[in-house]
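Each chain, written out:
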Amino acid sequence: MSINLINSLKLLITKNTLLRDLQINECIKFKVNGLSLEFGAIDRENKTFSNFIRGQSKFEYSNIKPNKKLNIFYSDLTKKLKIKSNKYNNILLFNVLEHLPEYRIALSQINRILKKKGKIIGSTPFIYQIHGAPKDYFRFTKEFFEFELKKQKFNNIKVQYLGNGPFTACYSLIYPYLRFLPIFSHLVLLICFMLDNIFQIFIKTDLKEIFPIGIFFNAQKK
């Protein structure tokens, strides 16, 4: 389904990238409980996705760049984690996998530290600029997550594309320059939404499945 007009207008008033806003819109649909861990967390409210997850979960935070003051502990997802097995009820993994050359190790380790029936919730970019942190290695498809998560012994796998069509995908690519002209940027985004929705009338396939800005996934440990 294409992004509706109400959601489009909500996106216009934020200072986030379009991808991050779409990811946040999916986050708020989830309610989690128990002990949770967010990988890739940083000290910025709108960049930490646990802020948008509902429920009574207690969150811990980890990053390859630790910060003791902010209770962000060190972990390298390309290696075996120094975290005991079956510890967490939920894992958040947003905009992290594309930076990992050994992503299969990461998924395997996440499965190990999750409790039985524990959930992984995450997202990665697709049609999006190269962004090093410090390096950018991959872009993943829906089929990749369905295959790889099943291979890593997850079930109840749900994967969806984020976006609206080719015009909003183009907007996402040029946003780093448009953001310096906020009123003009908002107008361009609104026009892109409208053009994608008009195009969608004549095309059977959901346009965001052809031109996704990002991928959103969630799954459960067996």
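No experiment lies behind these values; they were computed from the predicted model shown. (Residues numbered from 1 in each chain as written. Predicted model: local features only at pLDDT ≥ 70, side-chain atom pairs only at ≥ 80, totals over all residues. Heavy atoms only, no water.)

Draft legend 1. Expanded view of the pattern of salt bridges. One pass over the full model with this rule turns up six salt bridges. Among the salt bridges present, the one from Glu 148 reaches Arg 104, with a minimum N-O distance of 3.0 Å. Residue Glu 148 is located in helix H4 (residues 142-151), and its partner Arg 104 is located in helix H3 (residues 103-113); the two are separated by 44 residues in the primary sequence. By relative accessible area, Glu 148 is classed as buried at 1%. Under the relative-accessibility criterion, Arg 104 is labelled partly exposed at 39%. Of the charged contacts in the structure, one is a salt bridge between Lys 208 and Asp 206, with a shortest N-O distance of 2.8 Å. You can call Lys 208 buried: its relative accessible area is 11%. With a relative accessible area of 16%, Asp 206 lands in the buried category. (Salt bridge = Lys/Arg side-chain N within 4 Å of Asp/Glu carboxyl O. Helix = DSSP H or I, 4+ residues; strand = E, 2+ residues; numbered from the N terminus. Buried < 20%, exposed > 50% of the residue type's maximum accessible area, 1.4 Å probe, protein only.)

Draft legend 2. Geometry of a nonpolar patch on the surface. Together, Ile 198, Phe 199, Ile 201, Phe 202, Ile 203, Ile 210 and Phe 211 make up an exposed nonpolar region whose accessible area comes to about 690 Å². When you line up the elements, Phe 202 lands in the loop between helix H6 (182-201) and strand E9 (214-221). For Phe 202, a relative accessible area of 69% puts it in the exposed group. (Patch = residues over 30% accessible without salt bridge, like charges linked within 9 Å, V, L, I, M, F, W, Y side chains within 5 Å. Areas by Shrake-Rupley, 256 points an atom, 1.4 Å probe, with all protein chains shown as cover.)

Draft legend 3. Main features of the nonpolar core. Counting 29 residues, the largest nonpolar core has Phe 39, Leu 77, Leu 97, Ile 110, Ile 120 and Phe 145 as the members making the most contacts within it. Within the residue set of this core, elements represented by two or more residues are strand E2 (35-39), strand E6 (88-94), H3, strand E7 (114-125), H4, strand E8 (154-162) and E9. The greatest single-element share of this core, amounting to five residues, is contributed by H3. Excluding residues within four positions of it along the chain, Leu 97 makes contact with Tyr 103, Ala 106, Leu 107, Thr 124, Phe 138, Phe 140, Phe 145 and Phe 217. (Core = buried A, V, L, I, M, F, W, Y, C linked by side-chain atoms within 4.5 Å. Contact = heavy atoms within 4.5 Å.)

Draft legend 4. Highlighting the sheet that holds E2. The sheet built from seven strands is open, its strands ordered E5-E4-E2-E6-E7-E9-E8 with mixed pairing. With one partner strand each, in any of the chains shown, strand E5 (72-74) and E8 form the two edges of the open sheet. Ignoring which end each strand starts from, the neighbouring axes of this sheet average 20° apart. With six bridges joining them, E6 and E7 adopt parallel strand pairing. Of the residues in E7, the one forming a bridge with Leu 93 is Gly 122. Against the sheet, H3 contacts E2, E6, E7, E8 and E9, and its axis sits at roughly 145° relative to E7. Its contacts with the sheet put H4 on E7, E8 and E9, and the angle it makes with E8 is roughly 165°. (Pairing = 2+ DSSP bridges. Axes fitted to C-alpha atoms, helices over the stretch in contact; angles between N-to-C directions.)

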